[in-house]
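Structural characterization, general
Chain residues, written in single-letter form:
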Amino acid sequence: MKTVLITGTSSGYGRETARHFHAQGWNVVAAMRTPRPDVLPESDRLRVIKLDVTRPESITAAFAAVGPVDVLVNNAGVASMGVFEGTSMDRVREVFETNTFGVMAMTQAVLPQFRERGSGVVVNVTSSVVLGHMPLTAVYKASKMAVEGFTASLALELAPFGVWAKTVEPGACLTTNFAANAAKAAQGASLDELVPAPYAPWAKKAMGDFMGQDRFTKESDVAETVWRAVHDTTGQLRFPAGADAVALSQAR
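Residues numbered from 1 in each chain as written. Predicted model: local features only at pLDDT ≥ 70, side-chain atom pairs only at ≥ 80, totals over all residues. Heavy atoms only, no water.

1. Concerning the overall build of the protein
As a reminder, the rule being used: In this description a helix means any DSSP run of H or I spanning at least four residues, a strand means any run of E spanning at least two, and both kinds are numbered starting from the N terminus. Throughout, radius of gyration means the C-alpha value; the globule benchmark is 2.2 Å times the number of residues raised to the power 0.38. The cut-offs for exposure are 20% and 50% of the maximum accessible area for each residue type, with area from a 1.4 Å probe on protein chains only; residues under the lower value are buried, those over the upper are exposed, and the others partly exposed.
Looking only at helices and strands, the protein features eight helices and seven strands. Relative to the globule expectation of 18 Å for 252 residues, the C-alpha radius of gyration of the protein, 18 Å, shows essentially globular dimensions. Projected onto its principal axes, the C-alpha coordinates of the protein cover approximately 55 × 35 × 30 Å. Put simply, the protein has 252 residues, and 49% of those count as buried.

Right, here's the structure in full:
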């Protein structure tokens with residue numbers, strides 16, 4: 001029976017992906033910064049662990065506790081919306097620590113066992129913002145584009161060892177924190193004070209246009225796409241997830 005370790009499983013895509021792999025008969029290690037076992041099914045094949053991807057000692061302890069895994073899904077991330085001019089560099093670094101450096105640290109920690117075993121899959125969950133142009137996401141998009149580039153090069157390094165690296169690019173999902181912030185912006189509410197006054201009218205319209213689109217992604221779309229990416233052997237690198245993400249991918 002295979003084992004998958006998924007980060008960021010307390011809600012959203014990570015939680016649904018953990019449920020999906022569990023339903024397919026896998027052993028699931030569900031990692032959360034603040035463990036909430038109640039959000040996932042009770043099962044002897046599902047284990048919730050505490051893991052902060054920004055802390056090296058937490059990563060080391062997690063891998064020591066769970067033992068060998070067959071798949072790593074780097075899903076943990078933080079959303080960031082706002083005008084770049086109004087975004088502090090401390091916030092920029094905070095976003096990159098989780099969305100980019102956390103992915104790299106987790107991947108580096110799992111690679112020795114994958115390489116030595118001659119098998120394994122790393123799936124990095126990015127975003128459809130890498131496929132198109134979405135306003136108010138300069139920092140977030142930069143953090144996800146970095147992961148796309150990282151994964152593309154990493155895949156070439158790992159191929160000789162029978163190890164795969166891939167990205168899943170979710171579209172906009174209305175039940176995530178990211179969408180909740182977009183809805184507030186569309187109604188004229190502050191985006192954590194990251195929209196300076198001169199930008200406010202434009203930002204409100206931009207988010208209204210975003211919320212008015214006719215295609216969105218469901219959490220199940222992402223879980224099913226991660227599952228497909230894990231099992232794909234065609235060499236495909238990027239997997240858009242959700243109708244809006246697929247449309248953006250096809251339009252490129």
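Still more ground to cover, so stick around.
2. So, the nonpolar core
The condition is simple: What is meant by a nonpolar core is a set of buried Ala, Val, Leu, Ile, Met, Phe, Trp, Tyr and Cys residues, joined one to another through side-chain atoms within 4.5 Å.
The biggest cluster of nonpolar side chains holds 25 residues, and the ones touching the most others in it are Val4, Val73, Val123, Val168 and Val226. At the level of elements, β1 (3-7), α1 (12-23), β2 (27-32), β4 (71-74), β5 (121-125), α7 (219-231) and β7 (238-241) are the ones that each hand at least two residues to this core. Here the element with the most residues in this core is α7; it accounts for four residues. Formed by 24 residues, the second largest nonpolar core is a distinct cluster that contains Val53, Leu111, Leu154 and Leu158.

3. Overview of the packing of α1 against α7
Spelled out, the test is: The angle between two axes is taken between their N-to-C directions and runs from 0 to 180 degrees, where each axis is a line fitted to C-alpha atoms and a helix contributes only its stretch in contact. Orientation labels follow simple angle bins: below 35 degrees gives roughly parallel, above 145 gives roughly antiparallel, 65 to 115 gives roughly perpendicular, and whatever is left gives oblique. The sense of a crossing depends on the near helix, which, turned anticlockwise from the far helix by less than a right angle, makes the crossing left-handed and, turned clockwise, makes it right-handed. Residue contacts are defined here by distance: any two heavy atoms, one from each residue, within 4.5 Å place the two residues in contact. Under the scheme applied, nonpolar residues are Ala, Val, Leu, Ile, Met, Phe, Trp, Tyr, Cys and Pro; charged residues are Asp, Glu, Lys and Arg; polar residues are all the others, including Gly.
Where α1 meets α7, the closest approach of the two axes is 8 Å, and the angle between their N-to-C directions is 55 degrees. In terms of orientation, α1 lies oblique with respect to α7. The two elements α1 and α7 cross, and the hand of that crossing is right-handed. Residue-level contacts link Gly12, Tyr13, Glu16, Thr17, His20 and Phe21 of α1 to Glu219, Ser220, Val222, Ala223, Glu224, Val226, Trp227 and Val230 of α7. Among the residues making up the contact of α1 with α7, the classes are represented as seven nonpolar, four polar and three charged.

4. Quick look at the pairing of β5
Operational definition: Being paired, for any two strands, means DSSP has found at least two bridges between them. Crossovers are marked right-handed if the path from the first strand over the helix to the second runs clockwise, as seen with the strands pointing away from the viewer.
Of all five residues that make up β5, five are buried, and the element is covered over most of its length. Here β5 shows two buried faces, one formed by Val121, Val123 and Val125 and the other by Val122 and Asn124. Of the strand pairs in this sheet, β4 and β5 are connected by four bridges, and their pairing is parallel. When the bridges of β5 are listed, Val71 appears paired with Val121. As for the winding sense of the linkage, the β-α-β connection from β4 through helix α3 (residues 89-117) to β5 is right-handed. Pairing geometry for β5 and strand β6 (residues 164-170), over five bridges, is parallel. Pairing of Val123 across the sheet is with Lys166, part of β6. Crossover connection from β5 via helix α4 (residues 138-158) to parallel β6: handedness right-handed.

5. Focus on the packing of aromatic side chains
Operational definition: In this scheme Phe, Tyr and Trp rings, the latter by its six-membered ring, pair at centre separations within 6.5 Å, and the angle between planes marks the pair as stacked below 30 degrees, edge-to-face above 60, and tilted otherwise.
Taken as a whole and judged by the stated rule, the model has four aromatic pairs. Measuring from ring centre to ring centre gives 4.9 Å for Phe21 and Trp227, while their planes differ by 65 degrees; the resulting arrangement is edge-to-face. Remark: Trp227 occurs in helix α7 and Phe21 occurs in helix α1; sequence separation between them is 206 residues. Judged by relative accessible area, Phe21 falls into the buried class, the value being 0%. Look at Phe96 and Phe101: their rings are 6.3 Å apart centre to centre, the planes differ by 50 degrees, and that puts the pair in the tilted class. A relative accessible area of 19% places Phe96 in the buried class.

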